[in-house]
Amino acid sequence: MVFCSQIGLHFKILLTMKYLTCFFILLYAFIDNSSAQETVFDPSYTLWYEQPAEEWEEALPVGNGRLGAMIFGRFDEERIQLNEETYWTGGPYSTVVEGGYKYLPEIQEYIFKGKPLEAHRLFGRHLMAYPVEQQKYQSSADLFLFFENGSEIRDYKRWLDLKTGIVHVEYRDGDILYKREIFSSAPDQAIIIRLSSDKKNKISFRAQLRGVRNLAHSNYATDYFRMDAVGSDALMVNGKSADYLGVEGKIRYRVQLKALNEEGEMRTEGTFLVVDNADAVTLCIVAATNFVSYNDVSADQIERVDDYLRKIAGKSYDDIRSAAVLDYRSFFDRVELDLPYSENSYLPTDKRMIALENNTDHSLAALAYNFGRYILISSSRPGTQPANLQGIWNEDMNPSWDSKYTTNINTEMNYWAVESANLSECAEPLITMVKELTDQGSEVAREHYGAGGWVFHQNTDIWRVAAPMDGPTWGTFTTGGAWLTTHLWEHYLYTLDRDYLRDVYPVIKGSVEFFMDFLVEHPNGKWLVTNPSNSPENPPDGPGYSYFFDEVTGMYYFTTICYGSTIDMQILHDLFGYYIKAAEILGKDMFFAEEVRLARQRLVPPLVGSDGTLQEWTEDYGQLEDKHRHFSHLYGLYPGNIISVKKTPELIDACKAVLEQRGDGGTGFSRGWKMALWARLYDGNRSYRIFKGYIKEQAYPQLFAKCYTPLQVDGTLGVCAGISEMLVQSHEGVIHLLPALPDEWDKGKFSGVCVRGGFELSFEWEKNKITDAKIISRAGETCTIKIGSDCQILTSGRRIRKKEIADGIFEFETDAGTLYNIEIE
């Protein structure tokens, strides 16, 4: 790929062209001052750099949902870090503590009497999981490629093409042009590396496939790996997972590399693969574990690897590449977002991000949106595990927060955009995980709370443990599972698939059953509340709350334990509401649904505190951390559907007061959430301002989000959802186009985006007004939409009658599978 050193000149020429916003931009660049090469480069779909990655956090990711790799792009000692999504510490285990429910009444009494520290201690002794922590996601291997380059390395560039899912590396050494292509193939379940040059017999290197050990915690050393050569053309690593927290490491794994050279010589020397003077080399990496499910590790990892290699044997590189790209594009090409570009749009991505603060570059938001879709496709496919805190990419044997599933915001945020981004199938791993959590979740409900149904808290791992973990400060979040079930319902709202709804109905009902047992009456005799409860990770400032030495964590810290946190009440308001609707749709459990309806009416409503902010707790407590990263009490505004400008105008100032108090800073995930919250308040300019701050302070050069410092995907995917929410909303039964459009995004195009009700939309705007729109009705439902302009509805040239509602809203009837054109008058 070639990038122009004379971009300024060519951009000025482009400015005079009629089709300024055309999808492909033709750039010209001069190589070696003697030849010109043409290439296609779209700044909304390409991340590129003029130097290799120095740190793992700068590497470029590839993934097929199961296998991930981070590519550094070095020209002397290349490192490609590898992950297989089921390589975790430990094995199937349970954290359920029997008989904890016996202490629940005493805990509840302490909380109601304003004695949170006493409640915290009792909960910590009797209701916490054992072990109190969970298992860790692991790094599988590293591939190192050692090159003997000359001293004339120049014209270096590396890039990720989001349209193909391929990472490229290209540079010149003297007069030789070297190229690499790396991708993770879903059809062939392999990571493929292609090395070539523009001259014959110039590919020479030594390769070593290395295992990874937990160097920081050698006392865990019950894991092992063994590195071996296989014949003259292959390398492999075999290993076992570590015992951790008293749980035996039961994962067995194999990572194997198979090389195919074109000309030249190839051999193995010890644990090295040596290639001399080849024209090109293709490296195929496959990996597998013995993991079958959260309670079954009976597979044969060796047989799996052999099967992958058998299936790919005999295929040409071009065939493997074509199949992988075709598969990837079947997901990625469904949606396009184009925003105006500028001269800065063609800068290397790291420099482009720095320049955004003081320069116009609207298409960087389109790039962030598209990168989010890429990450979701690459880390969450049907049949895989859900995307964890780091997706599927992790180099550390002791990753931050274990790189597991944190469900007091992070895992949910990973999937906020999955339906609107037309990636409905990619939600399947999350939906499956929720089903699996009901196993131990039902045991926790019974033993920890004396309740029916199932419950899940703020974290789980691949083994689907469900009991409170970390400590009472975090573990008293009983609505983690209820929050996850909202994703099950959202999937239905977007697809209107009744067979699917029948399948997940018992999961939703089981969550409701738990809370119908768990809710207790508030001392005022009017409300029903959760007790114990917390507002995730945020300590109240009120009577009885103070820092103390916690015997569970061994730290001087605070407690968050309370009753009836606002987020609990809002999540349950949503849960009970959509359960009632699901029961009605399916004609099930009408008597129980009526009991749920009556209980829903008694949940604590949103309250405004004495300082004018929306209360985070039922009590009007203050904030010990007034810039806290979470916005838990604004769940009802986003992603929930309880508070809105239209339904609850009396609460909007209180919501804005919270947002103003906590500011626009914070972690990557916090900023993605704020973007969506301000979008629901119809303030696109504020959302865009937060996006710019995110790019400046909380995004790595390849647009992975930071959680202050650790790399995570939640912010990446939260920003993706926030951008979508700025351009289209559908949560209140109306498709609202451009609800929070920033003034600067005066024109653009959004194609293939999905909304609730089973509709797929494509629309364009100019001068901040819709100029064209198309709607595909997948389910044949009534379409209710707000466009902001007079229009006609046509299908197959025939005009469709529309009914005006109010406030620029109209509706019209649709037929399933039919395309409707909206012509602006």
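Small disclaimer: the values here were computed from a predicted structure and weren't measured.

Undergrad: For this particular structure, what's the right way to read the overall build of the protein?
TA: A count of helical and extended segments in the protein gives 18 helices and 40 strands. Relative to its length of 825 residues, the protein is compact, with a C-alpha radius of gyration of 27 Å against a globular reference of 28 Å. Expressed along its principal axes, the backbone C-alpha trace of the protein runs to roughly 85 × 70 × 45 Å. Counting the 825 residues in the protein, one finds 63% classified as buried. As displayed, the protein has an accessible area near 29,700 Å², and 47% of this comes from carbon and sulfur atoms. Of the charged side chains in the protein, 83 are positive and 116 negative, and the gap between their average positions amounts to 2 Å.

Undergrad: Please clarify how the side chain of D550 should be interpreted in this entry.
TA: Considering the arrangement of structural elements, one finds D550 in strand β25 (residues 548-550). Despite being buried, D550 has no salt bridge partner; R121 is the closest side chain of opposite charge, sitting 7.0 Å away. A polar contact is formed between the side chain of D550 and the side chain of H120, at a distance of 3.2 Å. Those residues in contact with D550, other than ones at most four positions away along the chain, are H120, P472 and M555.

Undergrad: Teacher, can you tell me more about the packing of helix α2 (residues 104-112) against helix α3 (residues 116-126) here?
TA: What describes two packed helices is the angle between their axes and the distance between those same axes. Close contact between α2 and α3 brings their axes to 8 Å; oriented N to C, the two are set at 160°. Classified by the interaxial angle, the pair formed by α2 and α3 is roughly antiparallel. Where α2 crosses over α3, the two elements pack in a sense that is left-handed. Facing E106, I107, Y110 and I111 of α2, the residues of α3 in contact are E118, A119, L122 and F123. Within the contact of α2 with α3, the residues separate by chemical class into 6 nonpolar, no polar and 2 charged.

Undergrad: Even after reading the chapter, I still don't get the layout of surface pockets, so can you show me in this structure?
TA: Volume-wise, the second largest pocket comes out at about 490 Å³. Along the walls of the second largest pocket sit 25 residues, with W401, T406, D470, W474 and E537 positioned nearest its centre. Of the residues in the lining of the second largest pocket, the class split is 10 nonpolar, 9 polar and 6 charged.

Undergrad: For this particular structure, what's the right way to read the sheet that holds strand β33 (residues 759-766)?
TA: Through backbone hydrogen bonds, the strands of a sheet pair up, either in parallel or in antiparallel fashion. Ordered by their spatial adjacency, 7 strands build an open sheet running β19-β32-β33-β34-β40-β36-β37, and the pairing between neighbours is antiparallel. With one partner strand each, in any of the chains shown, β19 (336-338) and β37 (798-800) form the two edges of the open sheet. Direction aside, the axes of adjacent strands within the sheet are offset by 25° on average. Sitting on the sheet, helix α18 (residues 714-727) is in contact with β19, β32 (747-755) and β33, with an inclination near 105° to β32.

Undergrad: Honestly, the sheet that holds strand β38 (residues 803-804) in this entry has me stumped. Any pointers?
TA: On the basis of which strands lie adjacent, the open sheet formed by 5 strands has the order β30-β31-β35-β39-β38 and mixed pairing. In this open sheet, the two edge strands, each paired with only one partner strand, are β30 (728-729) and β38. Bridging between strand β31 (residues 735-737) and strand β35 (residues 783-786) involves 2 bridges; their strand directions are parallel. Residue pairing across strands places I735 opposite I785, the latter belonging to β35.

Criteria and thresholds
- Residues numbered from 1 in each chain as written.
- Predicted model: local features only at pLDDT ≥ 70, side-chain atom pairs only at ≥ 80, totals over all residues.
- Heavy atoms only, no water.
- Helix = DSSP H or I, 4+ residues; strand = E, 2+ residues; numbered from the N terminus.
- Rg over C-alpha atoms; globule rule 2.2 N^0.38 Å.
- Buried < 20%, exposed > 50% of the residue type's maximum accessible area, 1.4 Å probe, protein only.
- Areas by Shrake-Rupley, 256 points an atom, 1.4 Å probe, with all protein chains shown as cover.
- Lys, Arg positive; Asp, Glu negative; His and termini not counted.
- Charge placed at Lys NZ, Arg CZ, Asp CG, Glu CD.
- Salt bridge = Lys/Arg side-chain N within 4 Å of Asp/Glu carboxyl O.
- Polar contact = N/O pair within 3.5 Å; in protein donor to acceptor, adjacent residues only side chain to side chain.
- Contact = heavy atoms within 4.5 Å.
- Axes fitted to C-alpha atoms, helices over the stretch in contact; angles between N-to-C directions.
- Parallel < 35°, antiparallel > 145°, perpendicular 65-115°, else oblique.
- Left-handed = near helix turned anticlockwise from the far one by under 90°.
- Nonpolar A, V, L, I, M, F, W, Y, C, P; charged D, E, K, R; others polar.
- 1 Å grid on protein atoms, 1.4 Å probe; cavity = no way out; pocket = protein on both sides within 12 Å on 5 of 7 lines; lining within 4 Å.
- Points joined across faces, edges and corners; volume = space filled by probe spheres on them.
- Pairing = 2+ DSSP bridges.

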